[in-house]
Amino acid sequence: MNSQIKVYNQLKTYSRRGAKKNKMHDRKANVATAEAGVDAPTRLLLYKLINNQILEQINGIISTGKEAVILHANSDAGYAENVNEYNRTICSPQLLPKECAIKIFKTTLNGFKQRDRYIKDDYRFKDRFSKQNKRVIINMWAEKEMHNIMRMQRVGINCPDVVVLKKHVLVMSFIGNNHNAAPKLKDARLSSWELSYAYEEIITVMHKLYNQAKLIHADLSEYNILWHDKKCWIIDVAQSVEPEHPSALELLMRDCGNIITFFETRGLPNIYTKEQLFEYITSLNAKTHNAAMLERIHTRGASISVATSPSQDECPEELKNLVYPFDLAWEKSQCERQQREPLKSAESSCLTTADQATSAMGTLNINVPCACQENKS
Ligand code: ADP
Ligand code: MG
């Protein structure tokens, strides 16, 4: 046989073997990721994270919620920065956490329904509410979570570190140890001293979040606070909004209510009422600004001081009960910020990385899920 044909045959056998092996890995990956509701394009993103040596292995599901799936992964010890475009993580190789949590925002119809409420009644979205745009909007949610985490980081609030964002897949540091995720505050067993400490910590965090990070969590409760290293860690901030958001005060009051109810139920004495907590955070006096009114008021994009000025009792009837899109407010605030400080922050470098499909696909190592919980929040 001539040597050229020999080489060709060898290559063919090798590639067949490779294909078979990949098929096996694929099947394994399909089972595990299908279980977690991860679709094919998302699996490709995960493959790429492994192939580009950011992640070494994906170990299993931490949580499957209505809007997101959280997986546990190990980072790749061989990761080196700036090897290629794909490898641009937010943290440096030295700071790459050993254990990572991957938050995959669901792109399925079911998951989308939860967010739908913020856009479906808004005339500005009527024409854009097409299948094609769902992915874009979901990517925006992931991006928003990343930015909000980074804002919390900047003011020293305990929260995960962002590792990398790829479309609707956000990789962050894992809060927990040795594959065991830290418990949610609702499940944590706290001594009375720890309970009191957690309360003090959370109200300080809420104050910092509003006054320094200029954010309102908007889904803060014992479900989105983890208890780790005897400290509270804030997670799940995709929906968090700025104080200028039209529903900011309502959302803040709701957060205050959730937190106070939790500590009340746990029997912690001498705590604020939700109105007092609201006042502590915003310095808006509940007597001057009737708290019930504050809860209902829509600021309609006006600043809080204007919207709550004593001369304005309540917003006009026709503007009540509007459903405001978080996404639009986010988009607007992003544009404004970019105009203010063009391309200044590290945040902007990883915004809209157009992911090129790589031809070489790595293998996805899926082990038995570690701690799979149905996530209520
Ligand atoms: P969802 O939108 O599904 O509520 P979350 O961000 O709240 O998404 O994550 C769901 C659950 O996954 C959390 O309650 C927590 O148990 C776990 N989780 C999320 N992020 C992390 C993390 N960085 N480290 C450890 N566990 C996490
Ligand atoms: Mg949550």
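The structure presented is a predicted model; accordingly, all values stated were derived computationally and were not measured.

Definitions and cut-offs
Residues numbered from 1 in each chain as written. Chains lettered and ligands numbered in written order. Predicted model: local features only at pLDDT ≥ 70, side-chain atom pairs only at ≥ 80, totals over all residues. Heavy atoms only, no water. Core = buried A, V, L, I, M, F, W, Y, C linked by side-chain atoms within 4.5 Å. Buried < 20%, exposed > 50% of the residue type's maximum accessible area, 1.4 Å probe, protein only. Helix = DSSP H or I, 4+ residues; strand = E, 2+ residues; numbered from the N terminus. Contact = heavy atoms within 4.5 Å. Donors = N, O, S within 2.8 Å, 3.2 Å for Na, K, Ca; no water. Polar contact = N/O pair within 3.5 Å; in protein donor to acceptor, adjacent residues only side chain to side chain. Axes fitted to C-alpha atoms, helices over the stretch in contact; angles between N-to-C directions. Parallel < 35°, antiparallel > 145°, perpendicular 65-115°, else oblique. Nonpolar A, V, L, I, M, F, W, Y, C, P; charged D, E, K, R; others polar.

### Overview of the nonpolar core
One recurring pattern in soluble globular proteins is that nonpolar side chains are buried together.
Thinking step 1. Residues Leu185, Ile202, Met206, Ile225, Ile234 and Phe263 are the most contacted members of the largest nonpolar core, which totals 60 residues.
Thinking step 2. It is helix α6 (residues 248-265) that provides the largest number of residues to this core, a total of 10 residues.
Thinking step 3. Excluding residues that lie within four positions of it along the chain, Met206 makes contacts with Leu220, Asp255, Cys256, Ile259, Leu277 and Ile281.
Thinking step 4. Ranked by size, the runner-up nonpolar core spans 22 residues in total, among them Ile61, Leu71, Cys100 and Val169.

### A closer look at the coordination of the magnesium ion (ligand 2)
Each pair of donors in an ideal octahedron of six around a metal sits at 90 or 180 degrees, and each pair in an ideal tetrahedron of four sits at 109.5 degrees.
Thinking step 1. Summarising the metal site, the magnesium ion (ligand 2) is bound by the protein donors Asn224 (OD1) and Asp236 (OD), whose distances to it range over 2.2 Å. Of this pair, Asn224 sits in the loop between α5 (192-211) and β8 (225-228) while Asp236 sits in the loop between β9 (231-234) and α6; the two residues are 12 residues apart in sequence, bridging distant segments of the chain. The same class applies to Asn224 and to Asp236, which are both buried.

### Describing the environment of Ile203
Thinking step 1. You can see Ile203 is positioned in helix α5.
Thinking step 2. Sequence-wise, Ile203 and Leu277 are 74 residues apart; in three dimensions their C-alpha atoms are separated by 7.5 Å.
Thinking step 3. Residues contacting Ile203, with those up to four places away along its chain left out, are Tyr272, Leu277 and Tyr280.

### A word on the side chain of Ser240
Thinking step 1. On the secondary structure map, Ser240 appears in the loop between β9 and α6.
Thinking step 2. Only 2.8 Å separates the side chain of Ser240 from the backbone oxygen of His217, close enough to count as a polar contact.
Thinking step 3. In this view, Ser240 contacts Lys144, Asn148, Leu215, Ile216, His217 and Ala218; residues no more than four positions away in its chain are not counted.

### Considering the packing of α5 against α6
Thinking step 1. One way to put it is that α5 packs onto α6 with a least axis distance of 11 Å and a crossing angle of 175°. In terms of their interaxial angle, α5 and α6 are classed as roughly antiparallel. Taking contact as the criterion, the partners of Leu195, Ala198, Tyr199, Ile202, Met206 and Tyr210 in α5 are, on α6, Leu252, Asp255, Cys256, Ile259, Ile260, Phe262 and Phe263.
Thinking step 2. Across the contact of α5 with α6, the residue classes tally to 12 nonpolar, no polar and one charged.

### Things to note about unusual backbone geometry
Thinking step 1. Phi angles above zero are rare outside glycine, and Gln53 is one such case at about 65°.
Thinking step 2. Counting through the fold element by element, Gln53 comes out in the loop between α2 (40-51) and β1 (55-64).
Thinking step 3. Relative accessible area serves as the criterion here: at 37%, Gln53 is assigned to the partly exposed category.
Thinking step 4. Positive phi outside glycine occurs at Lys167, with the angle close to 50°.
Thinking step 5. With relative accessibility at 37%, the residue Lys167 sits in the partly exposed group.

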